[in-house]
Amino acid sequence: MADRPQKNALRWLALLAAATVFSIAGAVIALSMQESATRVRFEPRPFFDDLAGEINRAEKIVFTTGRGLSDPGKITLNRDEDGGWQVAQRSGFPAKNDQVRKLIVGLVELEAFEPRTSNPEWHRELGLAAPEDLGSSVRIELVDGEGETFVQLLAGKVVEDTKDAQGRGFIYVRRDGEDQAWLARGRLPLNTQVVDWVDLDIFKLKREDIKRVVLWAGTENPVIIERESPDERNFHIANLPEGRTGRGAAIVNGSATALVGVEPEDVIPGDQLSFESGSTAAIDTFGGVRFIVRMTGGADVLWAQISAEADASLLGEEGDLEAAEKRAAEVNALTEGWAFRLGQEPSVKLAQTMQALTRPADGE
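Residues numbered from 1 in each chain as written. Predicted model: local features only at pLDDT ≥ 70, side-chain atom pairs only at ≥ 80, totals over all residues. Heavy atoms only, no water.

Draft legend 1. Quick peek at the sheet that holds strand β3 (residues 70-79). Across the sheet, which stays open at both edges, the ten strands sit in the order β1-β6-β10-β9-β8-β7-β2-β3-β4-β5 with antiparallel pairing between neighbours. Sheet topology places β1 (45-46) and β5 (93-94) at the edges, where each strand pairs with a single neighbour. Summarising the sheet, strand β8 (residues 149-159) and strand β9 (residues 169-175) pair through five bridges and their orientation is antiparallel. By the bridge assignment for β9, Leu153 is matched with Arg175. Sheet strands touched by helix α3 (residues 97-109): β2 (60-67), β3, β4 (85-87), β6 (111-115), β7 (138-143), β8 and β10 (182-186). Its angle to β2, the strand with the most contacts, is close to 85°. (Pairing = 2+ DSSP bridges. Helix = DSSP H or I, 4+ residues; strand = E, 2+ residues; numbered from the N terminus. Contact = heavy atoms within 4.5 Å. Axes fitted to C-alpha atoms, helices over the stretch in contact; angles between N-to-C directions.)

Draft legend 2. Just the layout of surface pockets, in detail. Empty space within the largest pocket amounts to approximately 370 Å³. What lines the largest pocket is a set of 19 residues, and nearest its centre among them are Lys163, Gly167, Gly186, Arg187 and Leu188. Elements supplying a minimum of two residues to the lining of the largest pocket: α3, β8 and β9. With four residues, the single largest contributor to the lining of the largest pocket is α3. Looking at the lining of the largest pocket residue by residue, the class counts come to eight nonpolar, five polar and six charged. (1 Å grid on protein atoms, 1.4 Å probe; cavity = no way out; pocket = protein on both sides within 12 Å on 5 of 7 lines; lining within 4 Å. Points joined across faces, edges and corners; volume = space filled by probe spheres on them. Nonpolar A, V, L, I, M, F, W, Y, C, P; charged D, E, K, R; others polar.)

Draft legend 3. Broad picture of the sheet that holds strand β12 (residues 223-226). Within the open sheet, the eight strands sit side by side as β13-β12-β11-β16-β17-β18-β19-β15. Their pairing is antiparallel. The two strands at the open ends of the sheet, each matched to only one other strand, are β13 (236-237) and β15 (266-269). Direction of pairing for strand β18 (residues 302-310) relative to strand β19 (residues 338-342): antiparallel, over a ladder of three bridges. When the bridges of β19 are listed, Leu302 appears paired with Leu342.

Draft legend 4. Representation of unusual backbone geometry in the model. Phi at Ser91 takes a positive value of approximately 55°, unusual for a residue other than glycine. For Ser91, the position within the fold is in the loop between β4 and β5. Phi is positive for Trp216, which is not a glycine, with a value near 55°. Relative to the assigned elements, Trp216 resides in the loop between β11 (210-215) and β12.

Draft legend 5. Representation of α3 in the model. Compared with the 18 Å implied by 1.5 Å per residue over 13 residues, the 18 Å span of α3 between its first and last C-alpha is a close match. Of all the residues in α3, the buried ones are Gln99, Val100, Leu103, Ile104, Gly106 and Leu107. Along the axis of α3, the buried positions cluster into a sector of 160°, meaning they face one direction only. Opposite the packed face of α3, turned more than 90 degrees from it, sit the exposed residues Asp98 and Lys102. (Expected span 1.5 Å × (residues − 1). Buried < 20%, exposed > 50% of the residue type's maximum accessible area, 1.4 Å probe, protein only. Arc of directions from axis to C-beta.)

Draft legend 6. Molecular detail of the pairing of strand β17 (residues 289-297). Of all nine residues in β17, seven are buried, a share of seventy percent or more. The pairing of strand β16 (residues 280-285) with β17 spans five bridges and is classified as antiparallel. Opposite Thr280, over in β17, you have Arg294 as the bridge partner. As consecutive antiparallel partners, β16 and β17 are separated by three residues, and within that stretch Gly288 has a phi angle of approximately 95°, a positive value. Here β17 pairs with β18 via nine bridges, running antiparallel. Its bridge partner being in β18, Val289 is matched across the sheet by Ala310.

Draft legend 7. Looking closely at helix α5 (residues 321-335). In this model, α5 (15 residues) spans 21 Å end to end at C-alpha, consistent with the 21 Å of a helix rising 1.5 Å per residue. Considered for burial, the residues of α5 that qualify are Ala324, Ala328, Val331 and Thr335. Taken end-on, α5 shows its buried residues confined to a sector of 65°, consistent with a single buried face. More than 90 degrees from the buried face of α5, the exposed residues found are Glu322, Lys326 and Ala333. With a side-chain oxygen lying 3.2 Å from the backbone nitrogen of Glu322, the N-terminal cap of α5 falls on Asp320. (Polar contact = N/O pair within 3.5 Å; in protein donor to acceptor, adjacent residues only side chain to side chain.)

Draft legend 8. Focus on the confidence of the model for the protein chain. The pLDDT averaged across the protein chain works out to 88; a share of 87% of its residues lies at or above 70. Segment residues 24-40: pLDDT under 50, and one contact once partners within four positions in sequence are set aside and those in other chains are kept. (pLDDT = per-residue confidence, 0-100.)

Draft legend 9. Main features of the packing of aromatic side chains. According to the stated counting rule, one finds six aromatic pairs in the structure shown. Seen from their ring centres, Phe113 and Phe170 are 4.9 Å apart, and the 70° between their planes marks the pair as edge-to-face. Here Phe170 lies in strand β9 and Phe113 lies in strand β6, a separation of 57 residues in the sequence. With a relative accessible area of 21%, Phe113 lands in the partly exposed category. (Phe/Tyr/Trp six-rings, centres within 6.5 Å; stacked < 30°, edge-to-face > 60°.)

Draft legend 10. Region of the structure containing the side chain of Arg168. Structurally, Arg168 is set in the loop between β8 and β9. When neighbours within four sequence positions are excluded, Arg168 is seen to be in contact with Glu111, Thr162, Lys163, Arg185, Gly186 and Arg187.

Draft legend 11. Structural view of the nonpolar core. Core analysis: the biggest nonpolar cluster contains 70 residues, and Ile61, Phe63, Leu77, Leu107, Leu153 and Ile225 have the highest contact counts within it. With residues near it in sequence (within four places) discarded, Leu77 still touches Glu59, Lys60, Ile61, Phe63, Trp85, Gln86, Val87, Ala95, Val100 and Trp197. In terms of nonpolar packing, the next biggest core, distinct from the first, is built from six residues, Leu126, Leu128, Phe170 and Leu183 among them. (Core = buried A, V, L, I, M, F, W, Y, C linked by side-chain atoms within 4.5 Å.)

Structural data, given as structure tokens:
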């Protein structure tokens, strides 16, 4: 008789375990069915069905951006005869071709992930109000050689911190002229400033390249800063006036390396400015290339015309004059006819005079 309660307890435990198993199994089945239904309902698909086969039609890319009460801004990229891209708002200066390719691939690979509202009253909340309606969306248009626009997309708010392992994020979009909004997955560069599309990487000047820098070249008071070899850490003022000494290696080195790693901030046609009364800096490299930087403007912002030439006298016994000529030609092909805006820091360093770079040797 004493075993009966124990047997009943075991029986109840068995029944409870069986019920738990069935419950878990039912939950798994329900979840599986729910996920299956979700996949069927929201199966990602290309946002533009046939764009992969038509993308080569694109001869022009137009961005329209909202600017509040001002008229919407325009950024126009035109494809040239060589297949590269140019920025119309910068008089046809080359665009960042890698970035343009990312945009084109991004449009082709863009996926409609989930449908969102089709109520126009909610578009503004998703950043999808049109630029002409004081909206913050970016309109992207692809135009072919006949002037026909075959892609029109309004890109809205980017969903933060949602990138997957492939670097794809989520963004709200809709086709221009349609009310249906979508949560889309993909990668779209949406730079809204003209200069962000301009390829201003015109020369790659490295510190180890620099042999000599002449500030205020061609004047009665030039400043010659140089070193004997790339292994020397510090530059020195070669034409130091009697009774004066440099203000320190950091200051002298700063002017010598003012353009190292520097990318101009903007570009305009060179004939829009006069460089007659400006200053000139010459930068000689151990590789046999001399960069000539003619400047105009103030200490905060300088506009510069940049050219390059090969000089055999800068080369050592094993120097390669042909390589120097090639590099100079490459630079000139990018810079001829243009003026580049330099930032405040390099502008100040290139404007230093002998008085500013030195002090009395007696310490007074």
